[in-house]
Amino acid sequence: MNNKQQSPLKKLLGIRGMGAALTAFVGLIIIYIAFGVINPAVFSGQNILNLLRSMSKYLLIGIAQSYVLITGNIDLSIGSVAGMSAMITATLMVGGMHPVPAILITLLCCLVIGVINGYLVGKFKLPPFIATLGTMFVARGIAYMVNGNRNTDAIATGVGKETGDAFQNFFYYGKTFGVYNTFWIALIVFVIFFFLLSKTRTGRHIYAIGSNVEAAKLSGVNVVATTIKTYLVSAGCACLVGWILCAQAGMGNMEAGNMYEMYGVAAGVIGGVSPLGGTGILLGTFAGAAVWQTLENGLNMIGAQVGIQRVVIGVIVVAAVLLDVVVRNGQFGKRKKKN
Amino acid sequence: MKQEIFRMERVTYIENGVVMLQDFHLQICQGEIMGMVPLNNHGLSSFLKLLRSNLSLHDGYVYYCGEKVNSWMGPCRPYNRISVIQAKSSLVERMTVTDNIFVLRQGFHQEIIRSRLLRQQMQPFMEDIGMDIPGSRYVEELTVFERVVVELLRAVILGNRLIVLSEIGALISYEELGKLHEIIRHYAGQGFTFLYICSHLEEIARICDRVARLSNGRIQKITGKDEMEAEIMRICPDEYWMMVRCHREKSRVEKHREPVLVWQEPAVQENSGCSFEVYQGECLVVQAAENGQFGHITDILTGRCPMGDTQIKMGERRIRCVPADCRVAVVSELAARTMIFPELSYMENLCMCLARRMPFLWAGRKIRRNIRKEYAGYLGEEVFDLPVEELSEKQKYQMIYTRVLLQKPRVVFCIHPFQGADVAHRMFVWSMLEMLLDQGIAVVIVSVSLSDSLALADRLLILEKGGTQTQIPRERFDTISAKVPWTHLYGSPEYTGSVEIPEKIC
């Protein structure tokens, strides 16, 4: 069949991972409308803005985890890296350093963790679960140590109220075109990494490694370098989340970013990124992050207990992974041997 | 009269709506070594499945050891005690040989494992067949030949009366194959029955009493030992004969120039070393007396181990990592399974190596559209819209070799390119390799089996035990001791004179 003869919908669904992403979007709309019917305040403009802002953190962490998941690996350290980022930035600013150098130093520290993860997994072939579990503790340990095992004071005490406010506004409280900056930052990062994954050679190499690492090697893909790149993306995004958390609290919290690695997995998996590697698109991660945040927001607004919220979200994650496995097995099952 | 061990009677088996076996008849008697030549692989995997598991049949009956075990009315028992030895090991790695043979079986009930006792129990079996594989050795440390022998031994110890060996000749060297045949004959003499599946009748003729020809899920014909020589001529399609002959005549015209690649590997400790050079448009076949000798070469080719002391040069420039160098391409064994990216599209699979030359290939659609336009006539328009997992074996091979062609390498290394392929697919792989040679690309085939590879070769490099290596040019292929197809086409006086065209082609 020629490409020109395909209907636009068929063409759209033919894009790798698009089916799962669209399913997640449909799910998102259904969930959102359902909560809105129960509590019309869900549809309010302010709630939508808050939803977009809160979703941005999950989107960034989802992008971080999706990159790694597509290569068939996992990064358990991203939550701790986010915490480390928040603590280092806050400590430096409380010490009087201007936010720009503080941000750059923090970024460097986080990227070092990314490189270490990449080397351990790509070069030394450590199981990613174990390697990143180790760096997770290391990063969290640094987050604790950086300010002598206590949270920092308000950043404004170090850099002054004006600079402190500017920092907080830039990353969290400020608005551009009526939407919180956090969302715009996440959107720009999303567009950049979406392009990188879908339109560049590196992107194809990432998919190739997740699909068949041996064949990727034989096709000239530098597996170590590509793995390091994915962990760098992961660490970079986690660092950005750390700045957002720092700006949100106006201080450094040692427990910032706790469990975010799992939120990242959830956002990716709900959006159709396979934990087995090789499939998924960032559009799905976008939908996954939105589903996650809508669920949290909606359950909150209808007055559900925290316990119920966790149960519902947990069930949805398991269902999404189950769907992925069933689809894969189904595909394998119906495969015909042609001679 | 010989006792019947296994019989399939009028078996029709349907899998996912596709008739895999149709009106399938096969009878094997005790102590017999039955051969099977699959002209195409259709139905072969289903047949192997049905040997071990009694799946629902559409029609027919299956008898094993005198009992009806399966029929169209339903299976009488779930499994048959039949061992199948093939490329994929059924042994558990990271466990010792004795653990695999004695502990991992249904009848073993001891809680405390007495390893020394098990090793002592295994010793007489090893002495019986003249082998010396330590029982304490881990499975991953075994050579392919040793692994096959251990699997065979396990089948014997388990008391499985029928043992199936599938395409073993492609895994082990000629000498090892000779030894394996001795072991098979030994156990056949003791009443064990063997089914020897192999695409090469020459190999089957060395060991089997009868041979069954499988085609499209049906046994076409069963031939006795006396008729096998004539059958060899019949079974090979005319086109294949023509391909071999055409290539042979074409190759003689080519004159070798400067080497495009020089491989120098010094002998270090247990690694016996290997050195060779290959010329533009030349096909060099590297064959080893033992499969283990290839380990280092294949590891370097696939990038699994660093180059170490091995030096690979193209002109003056040294290659640091073979897979990373775009002037060299590697086609790994069982390429249709190992070299595809199931989650990626056909175009992505096709252009994976091209992206090394064109970094912005994925940014726009123009180049990909042009590739599609250019190759649609050759590859087929429909394949571009199919998931790669749904492609036929032939289409997968076509995609992989076209990927290599798009890369425009100067040398292509093929590791066991004909392994696991039936006659039709072997012909196809053959034509693909010839296409590369026609483009002036040097092809190095790394294989233990000379069948098929030899016909394509311009030069043969044999790695002997102990590190010596022998080079045999095409003109002297008739001196090769191994009984492989096509050798009769070479050597004086036929080589220098006109080659006799087989009767059936005339």
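Within chain A, the regular secondary structure consists of 15 helices and 2 strands. Relative to a compact globule of 339 residues, whose C-alpha radius of gyration would be 20 Å, chain A shows 21 Å and is just as compact. C-alpha atoms of chain A, sized along the principal axes, occupy 75 × 55 × 40 Å. Sorting the 339 residues of chain A into buried and exposed places 50% on the buried side. At a minimum sequence separation of 6, the contacts of chain A that also span at least 24 residues come to 77%.

Residues and elements named next belong to chain B. For the pair helix α4 (residues 144-158) and helix α5 (residues 174-189), the least separation of the axes is 11 Å and the interaxial angle reads 5°. Judged by the inter-axis angle, α4 sits roughly parallel to α5. Note on element contacts: α5 touches α4 through Glu-176, Leu-180, Ile-183 and Tyr-187, opposite Phe-145, Val-148, Val-149, Leu-152 and Val-156.

Turning next to the sheet that holds strand β19 (residues 459-463) of chain B. Residues and elements named next belong to chain B. With mixed pairing, 6 strands are arranged side by side in an open sheet as β16-β17-β18-β13-β19-β20. One side of each edge strand has no neighbouring strand; the edge strands of this open sheet are β16 (328-331) and β20 (469-473). Each strand of the sheet is rotated relative to its neighbour by a mean of 15°, with strand direction disregarded.

Bringing the pairing of strand β7 (residues 162-166) of chain B into the picture now. All names here are of chain B. Of all 5 residues making up β7, 5 are buried, and the element is well covered by its neighbours. Burial along β7 is two-sided: the residues Leu-162, Val-164 and Ser-166 and Ile-163 and Leu-165 are all buried. Sheet analysis places strand β6 (residues 82-85) next to β7, joined by 4 bridges and oriented parallel. If you follow Ser-83 over to β7, its bridge partner there is Ile-163. Bridge count between β7 and strand β8 (residues 193-197): 5 bridges; the pairing is parallel. Residue pairing across strands places Leu-162 opposite Thr-193, the latter belonging to β8.

A few words now on unusual backbone geometry. Look at Asn149(A): it is not a glycine, yet its phi comes out positive at around 60°. Along the chain, Asn149(A) falls in the loop between α6 (128-145) and α7 (156-159). The phi dihedral of Asn16(B) is positive, around 50°, even though this residue is not glycine. Within the secondary structure, Asn16(B) is located in the loop between β1 (4-15) and β2 (18-29).

Before going further, it helps to spend a moment on helix α2 (residues 18-38) of chain A. All names here are of chain A. For α2, built from 21 residues, the straight-helix expectation of 30 Å at 1.5 Å per residue is met to within 8% by its first-to-last C-alpha distance of 30 Å. For α2, the full list of buried residues reads Ala-20, Ala-21, Ala-24, Gly-27, Leu-28, Ile-31, Tyr-32 and Phe-35. End-on view of α2: buried residues confined to an arc of 135°, all on one side of the axis. In α2, the exposed positions that point more than 90 degrees away from the buried face belong to Val-26, Ile-30, Ile-33 and Val-37. Looking at the buried positions of α2, the neighbouring elements they touch are α13 (260-270) and α14 (282-301).

The next point concerns the pairing of β1(B). Side chains on a regular strand alternate between the two faces of the sheet. Two elements, β1(B) and β2(B), share 8 bridges in a ladder whose sense is antiparallel. Counterpart to Met8(B) in the pairing with β2(B) is Leu26(B).

Attention shifts here to the nonpolar core. The tendency in soluble globular proteins is for nonpolar side chains to be buried as a group. Core analysis: the biggest nonpolar cluster contains 240 residues, and Ile61(A), Ala238(A), Tyr196(B) and Val443(B) have the highest contact counts within it. The element contributing the most residues to this core is helix α12 (residues 223-249) of chain A, with 15 residues. In this view, Tyr196(B) contacts Ile33(B), Met34(B), Gly35(B), Met36(B), Leu165(B), Ile204(B), Ile207(B) and Cys208(B); residues no more than four positions away in its chain are not counted.

Another aspect to go through is the environment of Trp362(B). Summarising the element assignment, Trp362(B) is placed in the loop between α11 (346-351) and α12 (366-379). As for Trp362(B) and Gly107(B), which are separated by 255 residues in sequence, their C-alpha atoms are 58 Å apart.

Another aspect to go through is the confidence of the model for chain B. Residues and elements named next belong to chain B. Within chain B, residue pLDDT values average 82, and 86% of them lie at 70 or more. The low-confidence segment residues 492-506 (pLDDT under 50) makes 15 contacts with residues lying over four places distant or belonging to another chain. Reported confidences for the modelled complex are a pTM of 0.76 and an ipTM of 0.73.

Residue and element names in this part refer to chain B. Spatially, β2-β1-β4-β5 is the arrangement adopted by the 4 strands of the open sheet, whose pairing is antiparallel. If you trace the sheet from one side to the other, it starts and ends with β2 and β5 (67-71), each paired once. Each neighbouring strand pair of the sheet contributes to a mean axis angle of 20°, computed without reference to strand direction.

Basis of the calculations
Residues numbered from 1 in each chain as written. Chains lettered and ligands numbered in written order. Predicted model: local features only at pLDDT ≥ 70, side-chain atom pairs only at ≥ 80, totals over all residues. Helix = DSSP H or I, 4+ residues; strand = E, 2+ residues; numbered from the N terminus. Rg over C-alpha atoms; globule rule 2.2 N^0.38 Å. Buried ≥ 20, exposed ≤ 12 C-beta atoms within 10 Å, placed from the backbone. Contact = placed C-beta atoms within 7 Å. Axes fitted to C-alpha atoms, helices over the stretch in contact; angles between N-to-C directions. Parallel < 35°, antiparallel > 145°, perpendicular 65-115°, else oblique. Pairing = 2+ DSSP bridges. Expected span 1.5 Å × (residues − 1). Arc of directions from axis to C-beta. Core = buried A, V, L, I, M, F, W, Y, C linked by C-beta atoms within 7 Å. pLDDT = per-residue confidence, 0-100.

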